[in-house]
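Chains, contacts and geometry: an overview
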Amino acid sequence: MSLLLRLADLIEALLRRLADLGAWAFIVCIAVITLDVVTRKFGFQFPGLGSTRLQELEWHLHTVLFCTWLGFAYMRNSHVRIDVFITHFSARRKLWLELLGCLVFALPYLLVALPYAHDFALLSYTQGESSDTPTGLSQRWVVKGFLYLGFITVFLAVLGVMARCVVALFGSEEDAARAYTPFAKAG
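Here goes a summary of the coordinates provided. (Residues numbered from 1 in each chain as written. Predicted model: local features only at pLDDT ≥ 70, side-chain atom pairs only at ≥ 80, totals over all residues. Heavy atoms only, no water.)

1. Some details on the overall build of the protein chain
- Within the protein chain, the secondary structure is distributed over 5 helices and 0 strands.
- A compact globule built from 187 residues would reach a C-alpha radius of gyration of about 16 Å, whereas the protein chain, at 21 Å, exceeds it by more than 25%.
- Here the C-alpha coordinates of the protein chain stretch approximately 65 × 35 × 30 Å along the principal axes.
- Evaluated residue by residue, the protein chain yields a buried proportion of 36% over its 187 residues.
- Sequence-distant contacts, at least 24 apart, represent 74% of the contacts inside the protein chain between residues at least 6 apart.
- Accessible surface, the protein chain as shown: approximately 11,200 Å² in total, 68% of it carbon and sulfur. (Helix = DSSP H or I, 4+ residues; strand = E, 2+ residues; numbered from the N terminus. Rg over C-alpha atoms; globule rule 2.2 N^0.38 Å. Buried < 20%, exposed > 50% of the residue type's maximum accessible area, 1.4 Å probe, protein only. Contact = heavy atoms within 4.5 Å. Areas by Shrake-Rupley, 256 points an atom, 1.4 Å probe, with all protein chains shown as cover.)

2. A few points about the packing of helix α1 (residues 2–42) against helix α4 (residues 141–170)
- Relative orientation of the contacting elements α1 and α4 amounts to 150°, with a least axis distance of 9 Å. The angle between the axes of α1 and α4 places the two elements in the roughly antiparallel class. In the crossing of α1 with α4, the sense of the turn from one axis to the other is left-handed. Of the residues in α4, those touching α1 at Leu-4, Leu-5, Ala-8, Asp-9, Ile-11, Glu-12, Leu-14, Leu-15 and Leu-18 are Leu-149, Thr-153, Leu-156, Ala-157, Leu-159, Gly-160, Ala-163, Arg-164, Val-166 and Val-167.
- Here the residues of the contact of α1 with α4 are counted per class, giving 14 nonpolar, 2 polar and 3 charged. (Axes fitted to C-alpha atoms, helices over the stretch in contact; angles between N-to-C directions. Parallel < 35°, antiparallel > 145°, perpendicular 65-115°, else oblique. Left-handed = near helix turned anticlockwise from the far one by under 90°. Nonpolar A, V, L, I, M, F, W, Y, C, P; charged D, E, K, R; others polar.)

3. What to know about the pattern of salt bridges
- Counting across every chain of the model gives 7 salt bridges.
- Asp-36 serves as the salt-bridge partner of Arg-40, at 3.4 Å between the closest nitrogen and oxygen. Of this pair, Arg-40 and Asp-36 both sit in helix α1, separated by 4 residues, roughly a single helical turn.
- Here the salt bridges share partners, and the residues they tie into one network are Asp-9, Glu-12, Arg-76 and Arg-164. (Salt bridge = Lys/Arg side-chain N within 4 Å of Asp/Glu carboxyl O.)

Set out below in structure tokens:
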């Protein structure tokens, strides 16, 4: 069980580092939005950096931010979760439900989506895809690569959450107490 906990801790540490790096996209995004607003307001543009490019860069940066935080948010139970139907369940029953949800829904979905996301980014790269707008950004494969990365982070997070659920359900009381899960200890 301690091996599963170490694996979950390693996954969480990796996802945290990635999320911390991705968080810088927020600062850059603020600067880009500010620059776009100011240049529009005063009616001037920097050469080669028109409003279209700035707006596309904004959504690229939003994608980077979202995709680098997606897995970490799930691992730390910081994602949107609607627990209306399970609020009265015991912690142990919630852990079983989480584990089953990962096995029946999350993993199969990710195992189908990951190859498609890979091909989506790879095809964009090999075709040299760029913006549909003549004044837009080139290198569209970069943002599509971050979408692929987002699926990878969720896959890793699902593995980490499953490991913690298994430890909380089947491990010793000490291990279960150490296993952060969406529902704390299996009571």
